[in-house]
Amino acid sequence: MPNKESWNSRIGVILAVSGSAVGLGNFLRFPGQVAQYGGGAFMLAYFISFLLIGLPICWAEWTMGRMGGQRGFHSSPGIFNLIIRRPWGKYLGILGVAVPLIIYMYYVYIESWCLGYSLGFVRGVMDFDTVAESGAFWSNFIGAGEDGSAVGFGIDRVGMFLAICFALNFFLIYRGIAKGIELFCLYAMPALVVLAVIILLRVLTLGTPDATKPDQNIVNGLGYLWNPTKVILQERTVNENGPETWSDLTELVGAEVVKAGAAEAAASPDLRIVEKKIFQQLKNPQLWLAAAGQIFFSLSVGFGVIITYASYLRKRDDIVLSGLSATSANEFCEVSLGGLISIPAAYAFLGVAGVAGMGTFGLGFNVLPMVFSSMPFGNLFGFLFFFLLFLAAVTSSLSMLQPVIAFLEEALRINRKQSVAILGLFTALGSGFVVYFSKDVKALDTLDFWMGTFMIFVLATTQIILFGWVVGMEKGWKEVHRGASIRVPRLFQFIMKFITPSFLLVIFFFFIGYNVLGVGQSGVSNYVKDLIGGEGSPSSLVARLSVGLILLTLIFIGLVTGTAAKRWTRQLNREEGTE
Amino acid sequence: MTLGGWLVMVLSVGTVSSLFFWCIYRISVEKSTGNEPARKPDAETSGPGHEA
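Residues numbered from 1 in each chain as written. Chains lettered and ligands numbered in written order. Predicted model: local features only at pLDDT ≥ 70, side-chain atom pairs only at ≥ 80, totals over all residues. Heavy atoms only, no water.

Q: Provide a residue-level description of the overall build of chain B, including the pertinent values.
A: Tallying secondary structure elements over chain B gives one helix and zero strands in all. A total of 52 residues make up chain B; the buried ones form 33% of that total. Total accessible area computed for chain B in this model is approximately 3200 Å², and 68% of it derives from carbon and sulfur atoms. (Helix = DSSP H or I, 4+ residues; strand = E, 2+ residues; numbered from the N terminus. Buried < 20%, exposed > 50% of the residue type's maximum accessible area, 1.4 Å probe, protein only. Areas by Shrake-Rupley, 256 points an atom, 1.4 Å probe, with all protein chains shown as cover.)

Q: Please set out helix H6 (residues 95–123) of chain A residue by residue, giving values where relevant.
A: Residue and element names in this part refer to chain A. An ideal rise of 1.5 Å per residue puts 42 Å on 29 residues; H6 measures up with 42 Å between its terminal C-alpha atoms. The largest bend in H6 comes to about 35 degrees, at Tyr 104. Judged by how many residues are buried, H6 sits mostly within the fold: 26 of 29 residues are covered. Positive backbone phi, at 75 degrees, marks Gly 124, one or two positions downstream of H6. (Expected span 1.5 Å × (residues − 1). Bend = angle between axes of the 7 residues up to and from the residue.)

Q: Can you tell me about the state of the cysteines, naming the residues and giving the values?
A: The tally for this structure, following the rule as stated, stands at zero disulfides over all chains. Considering cysteine sulfurs only, Cys 23 of chain B is the nearest to Cys 58 of chain A, which forms no disulfide, with 11 Å between them. On the accessibility criterion, Cys 58 of chain A (1% relative accessible area) is buried. (Disulfide = S-S within 2.5 Å.)

Q: Talk me through the packing of helix H8 (residues 159–204) of chain A against helix H14 (residues 320–355) of chain A; I want residue IDs and the actual numbers.
A: Residues and elements named next belong to chain A. It is the contact of H8 with H14, at a shortest axis distance of 9 Å, that shows an interaxial angle of 40 degrees. Considering their axes alone, H8 and H14 lie oblique with respect to each other. Crossing geometry of H8 relative to H14 is assigned as left-handed. Counted together, Leu 192, Val 193, Ala 196, Val 197, Ile 199, Leu 200, Val 203 and Leu 204 of H8 and Phe 332, Cys 333, Ser 336, Leu 337, Leu 340, Ile 341, Pro 344 and Ala 345 of H14 form the full contact between these two elements. Tallied by class, residues from the contact of H8 with H14 come to 15 nonpolar, one polar and no charged. (Axes fitted to C-alpha atoms, helices over the stretch in contact; angles between N-to-C directions. Parallel < 35°, antiparallel > 145°, perpendicular 65-115°, else oblique. Left-handed = near helix turned anticlockwise from the far one by under 90°. Contact = heavy atoms within 4.5 Å. Nonpolar A, V, L, I, M, F, W, Y, C, P; charged D, E, K, R; others polar.)

Q: Break down the sheet that holds strand E1 (residues 230–237) of chain A for me, with residues and values.
A: Residue and element names in this part refer to chain A. Judged by pairing direction, the sheet is antiparallel, and its three strands sit side by side in the order E2-E1-E3 without closing on themselves. The strands lining the two open edges of the sheet, one partner per strand, are strand E2 (245–251) and strand E3 (271–276). Shown here is a sheet whose adjacent strand axes are inclined to one another by a mean of 40 degrees, direction ignored. Bridge analysis of E1 against E3 gives six bridges, and the strand direction is antiparallel. Paired with Glu 235 across the bridge in E3 is Leu 271. (Pairing = 2+ DSSP bridges.)

Q: I'd like a rundown of the side chain of Thr 500 of chain A, residues and numbers included.
A: All names here are of chain A. Residue placement: Thr 500 occurs in helix H19 (residues 491–516). The buried category is assigned to Thr 500, whose relative accessible area is 0%. The contacts of Thr 500, once residues within four sequence positions are left out, are Leu 52, Ile 53, Pro 56, Ile 57, Ile 464 and Ile 495.

Q: Could you give an account of the domain arrangement of chain A, naming the residues involved and the relevant values?
A: Residues and elements named next belong to chain A. By the assigned domains, chain A splits into domain 1 (10–209 + 280–467) and domain 2 (230–276). Each side of the interface is counted separately: domain 1 has eight residues, and domain 2 has six residues. Contact between domain 1 and domain 2 buries roughly 470 Å² in total, counting both sides, with carbon and sulfur atoms accounting for 53%. Counting the surface domain 1 buries against domain 2, the share from its top three residues, Gln 280, Gln 281 and Val 352, is 66%. One can count zero salt bridges joining domain 1 with domain 2. Per-element accounting of the side of domain 1 that touches domain 2 gives the leading share, three residues, to helix H2 (residues 24–37). Among the residues making up the side of domain 1 that touches domain 2, the classes are represented as four nonpolar, four polar and no charged. (Domains from an automatic or database assignment. Buried area = accessible area lost by both parts, 1.4 Å probe. Salt bridge = Lys/Arg side-chain N within 4 Å of Asp/Glu carboxyl O.)

Q: How would you explain the pattern of salt bridges if you had to name every residue and give the values?
A: Summed over the entire model, instances satisfying the criterion amount to 16 salt bridges over all chains. For Asp 156 of chain A, the salt bridge identified is with Arg 123 of chain A, shortest N-O distance 3.6 Å. Highlighted residues: Asp 156 of chain A in the loop between helix H7 (131–142) and H8 and Arg 123 of chain A in helix H6, separated in sequence by 33 residues. Owing to a relative accessible area of 35%, Asp 156 of chain A belongs among the partly exposed residues under this scheme. Classification of Arg 123 of chain A as partly exposed rests on a relative accessible area of 38%. Residues Arg 26 of chain B and Glu 30 of chain B are paired through a salt bridge, measuring 3.6 Å at the closest nitrogen-oxygen approach. One end of the pair, Arg 26 of chain B, and the other, Glu 30 of chain B, are both in helix H1 (residues 3–32), four residues apart, so they sit about a helical turn from each other.

Q: Describe the packing of helix H9 (residues 218–226) of chain A against H1 of chain B, and please don't skip the residues or the numbers.
A: In helix packing, the relevant descriptors are the interaxial angle and the interaxial distance, both defined with respect to the helix axes. As a packed pair, H9 of chain A and H1 of chain B sit with axes 9 Å apart at the nearest point and diverge in direction by 75 degrees. Looking at the two axes, H9 of chain A sits roughly perpendicular to H1 of chain B. Across the interface between the two elements, Val 219, Leu 222 and Trp 226 of chain A from H9 of chain A touch Gly 5, Trp 6, Val 8, Met 9 and Ser 12 of chain B from H1 of chain B. For the contact of H9 of chain A with H1 of chain B, the residue count by class is six nonpolar, two polar and no charged.

Q: I'd love a proper account of the environment of Val 519 of chain A, names of residues and values included.
A: Relative to the helices and strands, Val 519 of chain A resides in the loop between H19 and helix H20 (526–532). In this structure Val 519 of chain A touches Gly 513 and Tyr 514 of chain A, once residues within four positions along its chain are discounted.

Q: Residue-level account of the side chain of Glu 334 of chain A, with values.
A: Residues and elements named next belong to chain A. Tracing the sequence through the fold places Glu 334 in helix H14. The buried charged residue Glu 334 lacks any salt bridge, with Arg 29 as its nearest oppositely charged partner at 7.6 Å. Look past the residues within four positions of Glu 334 in its chain and what remains in contact with it is Gly 25, Asn 26, Phe 30, Tyr 46, Gln 294, Ser 298 and Gly 339. (Lys, Arg positive; Asp, Glu negative; His and termini not counted.)

Q: I'd like a rundown of unusual backbone geometry, residues and numbers included.
A: Most peptide bonds adopt trans geometry, and most residues besides glycine take a negative phi value. Residue and element names in this part refer to chain A. One non-glycine residue, Asp 440, lies in positive phi territory at about 55 degrees. Mapped onto the fold, Asp 440 is located in the loop between helix H17 (416–436) and helix H18 (442–481). The class for Asp 440 is exposed, based on a relative accessible area of 54%. A positive phi is found at Val 441, a non-glycine position, where the angle reads about 45 degrees. Positionally, Val 441 belongs in the loop between H17 and H18.

Q: Explain the packing of aromatic side chains residue by residue, including any values.
A: All names here are of chain A. Counting across every chain of the model gives 53 aromatic pairs over all chains. When the ring of Phe 454 is compared with that of Phe 508, the centres are 5.4 Å apart and the planes differ by 55 degrees; the resulting orientation is tilted. Residue Phe 454 is located in helix H18, and its partner Phe 508 is located in helix H19; the two are separated by 54 residues in the primary sequence. Across the pair, exposure class does not vary: Phe 454 and Phe 508 are buried alike. When the ring centre of Phe 381 is taken as reference, the NZ or CZ atom of Arg 202 above it lies at 5.8 Å. The ring of Trp 469 carries the charged tip of Lys 497 above its face, separated from the ring centre by 4.3 Å. (Phe/Tyr/Trp six-rings, centres within 6.5 Å; stacked < 30°, edge-to-face > 60°. Lys NZ or Arg CZ within 6 Å of the ring centre and 35° of its normal.)

Set out below in structure tokens:
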């Protein structure tokens, strides 16, 4: 059965897949994680995760996607149904539709922040003296202070920008794979790299922005990010009738700062300096969890996107080199560009105190706007940086829509116009929910945890087990290499069948332990407390409604899958002459 | 920034950049030698969603 659509060029599909992967995480989340977990140790765990999780799942998704596409299936439920051939098989695939759909609902909201900020720099209204000022602007812009306050179309509100992002995404997705997604990525991805290089050159030539604070400079900013040994100043706390404890005060970066810290510690019995070396840091399970998680989110594996994109390939299209190229493009953007921009720039202006412990949003939308507004030609570079984030976000959000479009067309036998209309309505309701319940970004945060983190582990584990154990390594290996110009080392047969699933299950085990059950904390995690309540912490209605939205989406996709199942099976039997 | 920091940065950035530029080189070599398969633009044909 011929494909309904296909990519126009090999470079087009590579740029589309890498565009799906390159997003805010490359420029904001990754550097924050490297700095938090100590450059060398984190990078070691990161590269191991890349080899054991990222590349194997990526190749598995490309392969299963192309296999499905050859039989006319482009959605995860359809492809899973083809591979598993059991009545329950197709239902495993509903996560491959639900994950990108739910993530889109809040991701487009963040995308609109990037657009709003980039235009804010053009208008010259992003002039902040302190992080508190820029934080207040962000809170007002996205409505973090009160539910419903983000709704509106004024220039200082997110609503208008959200509408523009929605319109752009749906215009491109309506144009289809080649004329919409591919064409946009062909221009957006190179533009994104050029913008990142320009900003990087600006950041690396910042030197010491404030001569009165010579330690706050770019070299020390890079050291804060990449130094493998962390030097920490700790303070002693003496508990009543209990053992004394030492807690971290600050990290010391730069020879002069370390020397001053050592002198301070020598003068006080309640202070001390400790060095955390690379192998000591590697013993921390949280570091491995963070590195593996970063690989997941960064490469878009387990999102249900690559499998759909790959289903529009032709039978003998090379997926080994294309897959490697797309992942390497993402890694280049993440490590070589993203890893050198945001943290060093923020450090040069604010020092350790200004960047330590800042999450993705804090760094991106509170710290960096203030940093850009403080540097020469700040409005220009602020605009370029947030426009770069906007481009990265659009190429990612587009990729989240396509799996759902493919599913609706396949399951309901409708055309592109109808599927776009249904998806537009559904995502408008979902995004409306996220934007309305904007207080403390509660709805966004809850959806991101349960769908954008938890379910991704589940889907990725399902995919690699499916490839290694259901498709089987012998057949899978042949499929991987059909039309390939380079060969995957044989060692990966063993890795894909045994190591990747085991590694994923171990990481998932730790994830549930630390982030759901709250091991090492005072109780279960806040995400669970929000749902069931707890001592002194009532449940959150918004969190419950968010999980309700996830369940409704899963039920809807499950029902639609059920209605299409008989037809899919009949079609497969007819093609194979068993009916 | 310590010597270790410089080493980690150069190795990390160097590794991913080398891989990226090697991939670009391989693809451009295949394109210039004509090994890349010819492609056609979008064509609206049948699929499971358009079954008669």
